[in-house]
Amino acid sequence: MLYLTGYRLLSIGLTGLSGWLIASMIRRSQPDLVPVALAAWLWNPLTLIVTALGGHNDAVMLVLTLLGWWLLQRQRPFWAILALILAAHVKLTALIWLPACALWIIWRHGWKPALKIGLASAISGLALSWLLYAPFGGWQTLPRMLQERSAHLANSLWEIVKYLLIEWGGWSSGRAFQLSIRLPNWLFGIGALLIALWMFNFRPKRWRSLPLTSQEADQSLWRTLAATSMLYLLVGSFWFQHWYVLWLLAPAVLLPKNLLTRSMLAWLAFGALASNMLISFILTDISSTVRTVPPFSTNLLAVGLIWGPLLFATVIFAIVQTMRKCSKPRQTE
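These remarks concern the structure in this document. These numbers were taken from a predicted model, which means no experiment stands behind them. (Residues numbered from 1 in each chain as written. Predicted model: local features only at pLDDT ≥ 70, side-chain atom pairs only at ≥ 80, totals over all residues. Heavy atoms only, no water.)

On to the overall build of the protein, then. A count of helices and strands for the protein gives 14 helices and 0 strands. Scanning the protein from its N terminus toward the C terminus, one meets helices and strands in the order α-α-α-α-α-α-α-α-α-α-α-α-α-α. Along the three orthogonal principal directions, the C-alpha set of the protein runs to about 75 × 60 × 45 Å. Per-residue burial for the protein yields a buried fraction of 42% across its 333 residues. In the protein, the share of contacts with a sequence separation of at least 24, taken over all contacts with a separation of at least 6, comes to 74%. Summing over all exposed atoms, the protein offers an accessible surface of approximately 18300 Å²; the carbon and sulfur share of this is 69%. Where the 26 positive side-chain charges of the protein centre and where its 9 negative ones centre are 11 Å apart. (Helix = DSSP H or I, 4+ residues; strand = E, 2+ residues; numbered from the N terminus. Buried < 20%, exposed > 50% of the residue type's maximum accessible area, 1.4 Å probe, protein only. Contact = heavy atoms within 4.5 Å. Areas by Shrake-Rupley, 256 points an atom, 1.4 Å probe, with all protein chains shown as cover. Lys, Arg positive; Asp, Glu negative; His and termini not counted. Charge placed at Lys NZ, Arg CZ, Asp CG, Glu CD.)

A word on the packing of aromatic side chains. With the rule as written, the count across this model stands at 12 aromatic pairs. With a centroid separation of 6.5 Å and 70° between ring planes, the pair formed by Trp111 and Phe202 is classed as edge-to-face. In this pair, Trp111 sits in helix H7 (residues 111-133) while Phe202 sits in the loop between helix H10 (173-199) and helix H11 (214-236), placing the two residues 91 residues apart along the sequence. Exposure remark for Trp111: the relative accessible area of 55% places this residue in the exposed category. Within the aromatic cluster, the residues linked to one another by ring pairs are Phe188, Tyr232, Phe240, Trp243, Tyr244, Trp247 and Trp307. Arg108 extends its terminal NZ or CZ atom over the ring of Trp107, reaching a point 5.4 Å from the ring centre. (Phe/Tyr/Trp six-rings, centres within 6.5 Å; stacked < 30°, edge-to-face > 60°. Lys NZ or Arg CZ within 6 Å of the ring centre and 35° of its normal.)

Now for helix H1 (residues 2-27). Over its 26 residues, H1 runs 37 Å from end to end, which matches the ideal 38 Å to within 8%, given 1.5 Å per residue. Taken together, the buried positions of H1 are occupied by Ser11, Leu14, Thr15, Ser18, Gly19, Leu21, Ile22, Ala23, Ser24, Met25 and Ile26. Packing partners of the buried residues in H1 comprise helix H2 (34-42), helix H3 (45-53), helix H4 (58-73) and H11. (Expected span 1.5 Å × (residues − 1).)

Tracing the backbone through its elements, the reader meets Thr51 in helix H3. A distance of 2.5 Å separates a polar side-chain atom of Thr51 from the backbone oxygen of Thr47. Setting aside residues no more than four positions away along its own chain, Thr51 makes contact with Arg8, Ser11, Ile12 and Thr15. (Polar contact = N/O pair within 3.5 Å; in protein donor to acceptor, adjacent residues only side chain to side chain.)

On to unusual backbone geometry. Unusually for a residue other than glycine, Gln75 sits at a positive phi of about 60°. One can find Gln75 in the loop between H4 and helix H5 (77-90). Even without being glycine, Asn155 reaches a positive phi, approximately 55°. Along the polypeptide, Asn155 turns up in the loop between helix H8 (141-149) and helix H9 (157-167). Classification of Asn155 by relative accessible area gives buried; the value is 19%.

We now examine the packing of helix H6 (residues 98-109) against H11. Look at H6 against H11: their axes get within 10 Å of each other, and the N-to-C directions meet at 160°. One finds that H6 runs roughly antiparallel with respect to H11. Regarding H6 and H11, the two cross each other, and that crossing is right-handed. The segment H6 lies against H11, with Ala100, Cys101, Trp104, Trp107 and Arg108 engaging Ser214, Ala217, Asp218, Ser220, Leu221, Thr224, Leu225 and Thr228. (Axes fitted to C-alpha atoms, helices over the stretch in contact; angles between N-to-C directions. Parallel < 35°, antiparallel > 145°, perpendicular 65-115°, else oblique. Left-handed = near helix turned anticlockwise from the far one by under 90°.)

Before going further, it helps to examine a nonpolar patch on the surface. Together, Leu311, Phe312, Val315, Ile316, Ile319, Val320 and Met323 make up an exposed nonpolar region whose accessible area comes to about 660 Å². Looking at where Val320 falls in the secondary structure, it is placed in helix H14 (residues 295-332). (Patch = residues over 30% accessible without salt bridge, like charges linked within 9 Å, V, L, I, M, F, W, Y side chains within 5 Å. Salt bridge = Lys/Arg side-chain N within 4 Å of Asp/Glu carboxyl O.)

This next bit is on the nonpolar core. One finds Trp69, Leu233, Trp247, Leu268 and Trp307 to be the most contacted residues of the largest nonpolar core, which totals 81 residues. Among the elements that make up this core, the one with the highest residue count is H4 (10 residues). Listed in part, the 5 residues of the second largest apolar core include Leu153, Trp158, Phe177 and Ile181. (Core = buried A, V, L, I, M, F, W, Y, C linked by side-chain atoms within 4.5 Å.)

With that out of the way, let us pick up H2. Within H2, the full set of buried residues consists of Val34, Ala37, Ala40 and Trp41. Burial along H2 is one-sided: seen end-on, the buried residues are contained in an arc of 130°. (Arc of directions from axis to C-beta.)

Contact pair H9 / H10: the axes reach a minimum separation of 9 Å and the direction vectors enclose 145°. H10 is crossed by H9, and the crossing has right-handed handedness. Along its contact with H9, which presents Trp158, Lys162, Leu165 and Ile166, the element H10 presents Ser173, Ala176, Phe177, Leu179, Ser180, Leu183, Pro184 and Leu187. A class-by-class count of the residues in the contact of H9 with H10 yields 9 nonpolar, 2 polar and 1 charged. (Nonpolar A, V, L, I, M, F, W, Y, C, P; charged D, E, K, R; others polar.)

Here the focus is the side chain of Thr15. Relative to the helices and strands, Thr15 is located in helix H1. Thr15 gets classed as buried once you look at its relative accessible area, which sits at 7%. Setting aside chain neighbours within four positions, we find Thr15 in contact with Trp41, Leu42, Thr47, Thr51 and Ala59.

Further remarks concern the environment of Ala313. On the secondary structure map, Ala313 appears in helix H14. Apart from the residues within four sequence positions on either side, Ala313 is in contact with Met264 and Trp267.

Quick look at the structure:
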């Protein structure tokens, strides 16, 4: 009990510290929206369940990640990248935001300073990594951990793809599995890079936007980070758990007025929690007949519950917006 309580208290404290970083970042450009952002972060049922009950190490990773974004906003790119490297030593997932942060540094500081910053942070990061891994057997433990991370698929579209390839495509189990864990990484990597390149104005001249103020540049960074998180949850993650939504919530709350933060994210959090409750608790306890449901059906139900509410809300919103646009001309007449 002491062990579990300690982890929960640590997670709660770090989540509060993340809230301070979020408030500090928003206060620079939109001070009136600080309470809204803190409510979205601290009072989200998903945050409360993952931290106060689950005590997940995501709280450690996210406070370091948010610290990196906080340092980027304050023009401290070297220390920002170092914070992201430290976050990646808690969970490798923190690396999903590294390309966007690196391109933002190039965009705001230029190629030559960015190369110097990248080289200095890489050398410092390697030294820190060696010191952190030394007590646990050194870097030779990395291949084992990476293999363990990619050993299973769960609650994801890629598990459905794997099943269809085996049952309908006649693929071998091993070949279908390899595709289902490698293709997501490639699709996410390419997509994340394209999103960052577009958002940070690395485009053909005809599509380039006008120079932005520092506040507008910050907003562009937050949008890119949120889009990267959403892309990872949709495409890059072949193993999905409800606490992964925190990886989207962290950058999304930096955009309190955004539709994703105000409405859509709540439906995704609800779907993730509902799926976890049904699959992990209810279906395992009600009867022996339910426990014999094929794994594919269980995964299909889990994926539907996770993404179904968000999809439904998105469709309803699109219909309402279309109806409003169609009704405007009639009102003017």
